[in-house]
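# Observations on the model geometry
Okay, here's what each chain looks like letter by letter:
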Amino acid sequence: MPQFQIATIPRVPRTESPPRVLVIVPAWNEQDSVGRTVREILEVHPEVDVLVVDDGSGDATAERAEAAGARVARLPFNLGVGGAMRTGYRHAVREGYDIAVQIDADGQHDPRFLPALIAELDHADICIGVRFAKPDDPYTVRGPRRWAMFLLAKVLSRLAGTRLTDVTSGFRACNRRAMTVFAEHYPAEYLGDTVESLVIATRVGCTVTQVPIDMRRRIAGTASASPIRAAVFLFRAVVALGLALVRKWPASFDEGVVAEDGPLPLDAA
Amino acid sequence: MTSANVLGLAAAIIVVVTLFEMLRRHRLREKYALIWFVLAMGSLAIAAFPAILFGLSDLLNVQVPSNLIFFIASLLLLAMSLQHSFEIGKLEERTRTLAEEVALLRLNADATERPTDPIDRSAE
């Protein structure tokens, strides 16, 4: 089990050329929105590469993403966002990208905020694009879901040593340090992909920051908003957070995950 | 010999025979067979010689010997299902890793087989 020596990985790429950016789009049965999302990303930022991780979709998600100009990694069956994201981070680490950004396929993350997220990586390892940071934000949640998000934000702010207002946001950018950690440890459990991954990152010494963004309405599909679902969300959030806090990280599974090509590419420039 | 003894003896013999057959046909790995084999032998011994159980109950001050059996059996079953949960978790983590690797391998295979730009292909 390789030990993470986060400090040895440079935060800013050594080269003078602009950093190579990979946008990872986890997609599960998102055929109605994935094409538009990919096209928009490439339109606004032609210099980035887009990798859509098709999380075992039964529809035309992969085909439409490919037609829109993305590379598509097809998972043989559904693993959840965590599995899709770890696939993306591994690809990013192996292909030597400097920055990996997660953008959800449902179109609620506006790629115009990408430069703002990436700029923050000059002094942090992970930057989250968050919803509630602005007072005039039209997007509001209430009830149990709000309490859950409040609790998660409070605990994680404390862990990260900085104020975080929405840790469940899937719009986030990572530099090579964080990417290397996530390529090896990215939980597959519910909420693990957002909440627990941040706990892991802070445990191994990554720094987290946030920038306010406007979240858009989803292009297709519906957000889970019923009060029962919100209560279930609260319960699962507490469980996920509790587990994340008591678990030992980095976990030692019995096989090295990224390391099969030799040692972890910690100092790959 | 009471009917309860015969029942226990028959059950123990069935378990031992089944285990042996499964092992012989490569249906069971040794690491799981061992614990089952010990259990089967234990129940066989108790069915054949109930005195063992009575002696043990006296030793542990258990008034009803069958309660001792239930206690030990439930504890063992609990331990084994816990062991299985652990093994399943390990397997799930491995299949997850394999699935991710398969996706990345397919991605690389596609890139080497069809080096054309995906946008051009869709226009065909």
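Counting restarts for each chain: residues are numbered from 1 in the order of the written sequence. Chains carry letters from A onward and ligands carry numbers from 1 onward, assigned in written order. At least 70 in pLDDT is required for a residue's local features to be given in this predicted model, at least 80 for side-chain atom pairs to be given and counted, and no such filter applies to totals for whole chains, interfaces and linings, which use all residues.

### Focus: the overall build of chain B
A tally of regular secondary structure across chain B gives five helices and zero strands. Start at the N end of chain B and walk to the C end: the helices and strands fall as α-α-α-α-α. When we talk radius of gyration, it's over C-alpha atoms, and the globule rule is simply 2.2 Å times the number of residues to the 0.38. Over its C-alpha atoms chain B spans a radius of gyration of 26 Å, topping by over 25% the 14 Å that the globule rule assigns to 124 residues. The principal-axis extent of the C-alpha atoms belonging to chain B is close to 85 × 30 × 20 Å. Sequence-distant contacts, at least 24 apart, represent 50% of the contacts inside chain B between residues at least 6 apart. Put simply, DSSP H or I for four residues or longer makes a helix, DSSP E for two residues or longer makes a strand, and each gets a number counted from the N terminus. Once C-beta atoms are placed from the backbone, any two residues with those atoms within 7 Å are in contact.

### Regarding the packing of helix α3 (residues 81-94) of chain A against helix α4 (residues 65-113) of chain B
Lines fitted to the C-alpha atoms define the axes, with helices restricted to the stretch that makes contact. Angles between their N-to-C directions range from 0 to 180 degrees. Following both chains from N to C, one finds α3(A) and α4(B) inclined at 50°, their axes separated by 10 Å at the closest point. Compared by their axis directions, α3(A) and α4(B) come out oblique. For the element pair α3(A) and α4(B), the recorded crossing hand is right-handed. Contacts from Gly83(A), Arg86(A), Thr87(A), Arg90(A) and His91(A) in α3(A) reach Arg96(B), Ala99(B), Glu100(B), Ala103(B) and Leu104(B) in α4(B). Counted by class, the contact of α3(A) with α4(B) contains three nonpolar, three polar and four charged residues. Oblique is the label for every angle not falling under 35 degrees (roughly parallel), over 145 degrees (roughly antiparallel), or within 65 to 115 degrees (roughly perpendicular). Helix crossings get a hand from a simple test, with the near helix turned counterclockwise from the far one by less than a right angle marking a left-handed crossing and a clockwise turn marking a right-handed one. Polar here means any residue other than Ala, Val, Leu, Ile, Met, Phe, Trp, Tyr, Cys and Pro, which are nonpolar, and Asp, Glu, Lys and Arg, which are charged; Gly is therefore polar.

### Some points on the sheet that holds strand β1 (residues 21-27) of chain A
Residues and elements named next belong to chain A. When DSSP finds two or more bridges between a pair of strands, those strands are recorded as paired. Strand order in the open sheet made by the seven strands is β3-β2-β1-β4-β6-β5-β7, with mixed pairing throughout. Unpaired on one side and paired on the other, β3 (71-74) and β7 (208-212) mark the two borders of the sheet. Taken over all neighbouring pairs, the strand axes of this sheet differ in orientation by 20° on average, direction set aside. Bridge count for β1 against strand β2 (residues 49-54) is six bridges, and the pairing is parallel.

### Some details on unusual backbone geometry
If a residue is not glycine, its phi is most likely negative; likewise, a peptide bond is most likely trans. Although it is not a glycine, Asn29(A) sits at a positive phi angle of roughly 50°. Tracing the backbone shows Asn29(A) in the loop between β1 and α1 (34-44). For Asn61(B), which is not glycine, the phi dihedral falls at a positive 60°. Take Asn61(B): it is sitting in the loop between α3 (51-60) and α4.

### Quick word on the interface of chain B and chain A
Where interface size is quoted, it is often the accessible area lost as the parts come together. The partner chain A presents 19 residues to the 13 residues of chain B that form the contact. Looking at the side of chain B that touches chain A, the elements that each hand over two or more residues are α4 and α5 (118-123) of chain B. Per-element accounting of the side of chain B that touches chain A gives the leading share, ten residues, to α4(B). Residue classes in the side of chain B that touches chain A are distributed as seven nonpolar, two polar and four charged.

### A word on the environment of Ala92(A)
Residue and element names in this part refer to chain A. Within the secondary structure, Ala-92 is located in helix α3. Sequence separation between Ala-92 and Met-179 is 87 residues; the distance between their C-alpha atoms is 7.6 Å. Contacts of Ala-92, omitting those with residues within four sequence positions, involve Leu-22, Tyr-97, Ala-100 and Met-179.

### Observations concerning the confidence of the model for chain B
Residues and elements named next belong to chain B. A residue's pLDDT is simply how confident the predictor is in it, with values from 0 to 100. Averaged over all residues, the pLDDT of chain B equals 84, while 90% of them reach at least 70. For chain B, α5 is the element with the lowest average pLDDT, namely 46, and α4 is the one with the highest, namely 91. Across residues 118-124, confidence stays below pLDDT 50; counting only partners more than four residues off in sequence or on other chains, it has six contacts. Predicted complex, confidence summary: ipTM 0.77, pTM 0.79.

### Describing helix α5 (residues 143-160) of chain A
Residue and element names in this part refer to chain A. Taking 1.5 Å per residue as the helical rise, α5 with its 18 residues ought to reach 26 Å, and the 26 Å between its terminal C-alpha atoms agrees with that figure. Working definition of burial: number of other C-beta atoms within 10 Å of the residue's own, with buried at 20 or more, exposed at 12 or fewer, and partly exposed in between, all C-beta atoms being placed from the backbone. Buried residues of α5: Arg-145, Ala-148, Met-149, Leu-152, Ala-153, Leu-156 and Ala-160, and no others. Looking down the long axis of α5, one finds its buried residues gathered within 130° of arc, a one-sided arrangement. Lining the buried residues of α5 we find α7 (192-203), β7 and α8 (227-246). After α5 finishes, the residue Gly-161 shows a positive phi value of roughly 70°. Expected helix span is taken as 1.5 Å per residue step, with the number of steps being one fewer than the number of residues. An arc is given here, and it is the one of the directions from the helix axis to the C-beta atoms.

### Things to note about the nonpolar core
Grouped together as the largest cluster of nonpolar side chains are 78 residues, with contacts concentrated most on Val23(A), Val25(A), Val52(A), Ala100(A) and Val101(A). Setting aside residues up to four positions removed in sequence, Ala100(A) forms contacts with Leu22(A), Ile24(A), Gly88(A), Tyr89(A), Ala92(A), Cys174(A) and Met179(A). To count as a nonpolar core, a set of buried Ala, Val, Leu, Ile, Met, Phe, Trp, Tyr and Cys residues must be joined through C-beta atoms within 7 Å.

### A word on the pairing of β3(A)
Residues and elements named next belong to chain A. Pairing geometry for β2 and β3, over four bridges, is parallel. Counterpart to Val-53 in the pairing with β3 is Ala-73. Viewed along the sheet, the connection from β2 through helix α2 (residues 61-67) into β3 turns out right-handed. Crossovers are marked right-handed if the path from the first strand over the helix to the second runs clockwise, as seen with the strands pointing away from the viewer.

### Concerning the pairing of strand β6 (residues 172-175) of chain A
Residues and elements named next belong to chain A. In β6, alternate side chains face the same way, and those of Arg-172 and Cys-174 on one face and Ala-173 and Asn-175 on the other are all buried. Summarising the sheet, strand β4 (residues 99-102) and β6 pair through four bridges and their orientation is antiparallel. If you follow Ile-99 over to β6, its bridge partner there is Asn-175. Relative to β6, strand β5 (residues 126-130) runs antiparallel, the two sharing three bridges. Across the sheet, Cys-127 pairs through a bridge with Ala-173, a residue of β6.

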